[in-house]
Amino acid sequence: MLAAERRDFLLARLHTDGKLVAKEIAAELGVAEDSIRRDLREMAAAGLCQRVYGGALPVSPATADYATRATVATSSKERVAAAAAALIRPGATVLLDGGTTALAVTAALPRDLAATIVTHSPTVAAALVDHPAVEVYVLGGRLFKHSAVTCGAAAAEAARSVSADLFLLGVTGVHHEAGLTTGDADEAAMKRTLAGRAADTYVLASTEKIGAASPFLVLAPAEVAGIITDAPRDHPALSGLPVIPA
């Protein structure tokens, strides 16, 4: 089998199985495992997969630019947002992440909700202007334009002064082995800081994020209280995870 044929085979298998295990594929094709690993490296460099230990997973569509992400899985995000908004009790202090699903959460909040929301997303903060009983605190810092959130030392330092009841966390990948991942190291660090300031962390996981992976680990699934998703409960990537149906 030529290298180009192997790549087509690997892409088709990734699409059908949702993952690639280098050792198993090498045995199936009768080629050296190093050849498969080289194929995976080239595919990852071309943005066709996300390499993980022992193989590869699909690349998350949620790593696209902000404007593109706003058009992806909108109905799924609305369902996840509604379930997340239901977790916010009157009088609660909530850390709300940035991103398009977090923005959908603001639209799902009851108009008469009295709560405090702390966010590092200027777009989320602006969306909360029309909620008269919600107190809004914005964490300042360097603006990471890809996700329209603040990151860096100043934002992390501001977050350390907050004690919240819950954190609604956005990620780009959810997988029972690869964990909860995102595409930028600084953004991943900021998300971990925010998670450390909340009693409970819940993941906002619309369908396109399930089974996908990105380069940087945010948290292990065991470190969150629940993963809010409308994906099927029997999805292989959700095996053993604390799922909250949306």
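To be clear, the structure that these remarks concern was listed above.
Quantities reported herein were computed from a predicted structural model and do not represent experimental measurements.

Concerning the overall build of the protein
Phase 1: In terms of regular secondary structure, the protein is built from 9 helices and 15 strands.
Phase 2: Expected size for 246 residues packed as a compact globule is a radius of gyration near 18 Å; at 19 Å, the protein falls within 12% of this value.
Phase 3: Split into buried and exposed, the 246 residues of the protein put 48% on the buried side.
Phase 4: Accessible surface computed for the protein: about 11,100 Å², of which carbon and sulfur atoms make up 54%.
Phase 5: Averaging the positions of the 22 positive and the 26 negative side-chain charges in the protein gives two centres separated by 3 Å.

Things to note about the pairing of strand E14 (residues 226-229)
Phase 1: By the alternation rule, side chains of E14 split into Gly226 and Ile228 and Ile227 and Thr229, which are all buried.
Phase 2: The sheet contact formed by E14 and strand E15 (residues 243-245) spans 3 bridges and is parallel. In the sheet register, Thr229 faces E15, and the bridge partner there is Pro245.

A short note on the environment of His131
Phase 1: Inspection of the secondary structure puts His131 in the loop between helix H7 (122-127) and strand E6 (134-138).
Phase 2: It is 54 Å that separates the C-alpha atoms of His131 and Arg6, two residues lying 125 residues apart in sequence.
Phase 3: If near-sequence neighbours (up to four positions away) are discounted, His131 is found in contact with Thr106, Leu109, Pro110 and Arg111.
Phase 4: There is a polar contact of 3.0 Å between the side chain of His131 and the backbone oxygen of Thr106.

What about the pattern of salt bridges?
Phase 1: If you walk through the whole model with that rule in mind, you get 9 salt bridges.
Phase 2: Note that Asp230 is salt-bridged to Arg79, the shortest N-O span being 2.8 Å. Taken together, the positions of Asp230 in the loop between E14 and E15 and Arg79 in helix H5 (residues 74-85) put the pair 151 residues apart, joining distant regions of the chain.
Phase 3: Judged by its relative accessible area of 18%, Asp230 is buried.
Phase 4: A salt bridge links Asp97 to Lys191, with the shortest nitrogen-to-oxygen separation between them at 2.6 Å.

Notes on the environment of Val162
Phase 1: Tracing the backbone through its elements, the reader meets Val162 in the loop between helix H8 (153-159) and strand E9 (164-170).
Phase 2: Along the chain, Val162 and Thr93 lie 69 residues apart, while their C-alpha atoms are 9.1 Å from each other.
Phase 3: Apart from residues no more than four positions distant in its own chain, Val162 is found in contact with Leu95, Val118, Leu139 and Arg197.

Considerations on the sheet that holds E14
Phase 1: Strand order in the open sheet formed by 7 strands is E6-E5-E4-E9-E12-E14-E15, with parallel pairing between adjacent strands. Looking along the sheet, the strands with just one partner apiece sit at the ends: E6 and E15. Taking each pair of neighbouring strands and ignoring which way they run, the sheet shows an average axis angle of 25°.
Phase 2: Each of E9, strand E12 (198-204), E14 and E15 is contacted by H5, which is oriented at about 135° to E14, the strand it contacts most.

Details of the nonpolar core
For soluble globular proteins, nonpolar side chains are generally found buried alongside one another.
Phase 1: Core analysis: the largest hydrophobic core is formed by 33 residues, its most contacted members being Leu95, Val174, Leu180, Met190, Val203 and Ile227.
Phase 2: Listing elements by their share of this core, those giving two or more residues are strand E8 (149-151), H8, E9, helix H9 (185-195), E12 and strand E13 (216-219).
Phase 3: Residue contributions to this core peak at 4 residues, all from H9.
Phase 4: In contact with Leu180, other than residues within four places in its own chain, are Val171, Gly173, Val174, Val203, Phe216, Leu217, Val218, Leu219, Ala220, Pro221, Val224 and Ile227.
Phase 5: In terms of nonpolar packing, the next biggest core, distinct from the first, is built from 24 residues, Ala81, Leu168, Tyr202 and Leu204 among them.

Conventions used here
Residues numbered from 1 in each chain as written. Predicted model: local features only at pLDDT ≥ 70, side-chain atom pairs only at ≥ 80, totals over all residues. Heavy atoms only, no water. Helix = DSSP H or I, 4+ residues; strand = E, 2+ residues; numbered from the N terminus. Rg over C-alpha atoms; globule rule 2.2 N^0.38 Å. Buried < 20%, exposed > 50% of the residue type's maximum accessible area, 1.4 Å probe, protein only. Areas by Shrake-Rupley, 256 points an atom, 1.4 Å probe, with all protein chains shown as cover. Lys, Arg positive; Asp, Glu negative; His and termini not counted. Charge placed at Lys NZ, Arg CZ, Asp CG, Glu CD. Pairing = 2+ DSSP bridges. Contact = heavy atoms within 4.5 Å. Polar contact = N/O pair within 3.5 Å; in protein donor to acceptor, adjacent residues only side chain to side chain. Salt bridge = Lys/Arg side-chain N within 4 Å of Asp/Glu carboxyl O. Axes fitted to C-alpha atoms, helices over the stretch in contact; angles between N-to-C directions. Core = buried A, V, L, I, M, F, W, Y, C linked by side-chain atoms within 4.5 Å.

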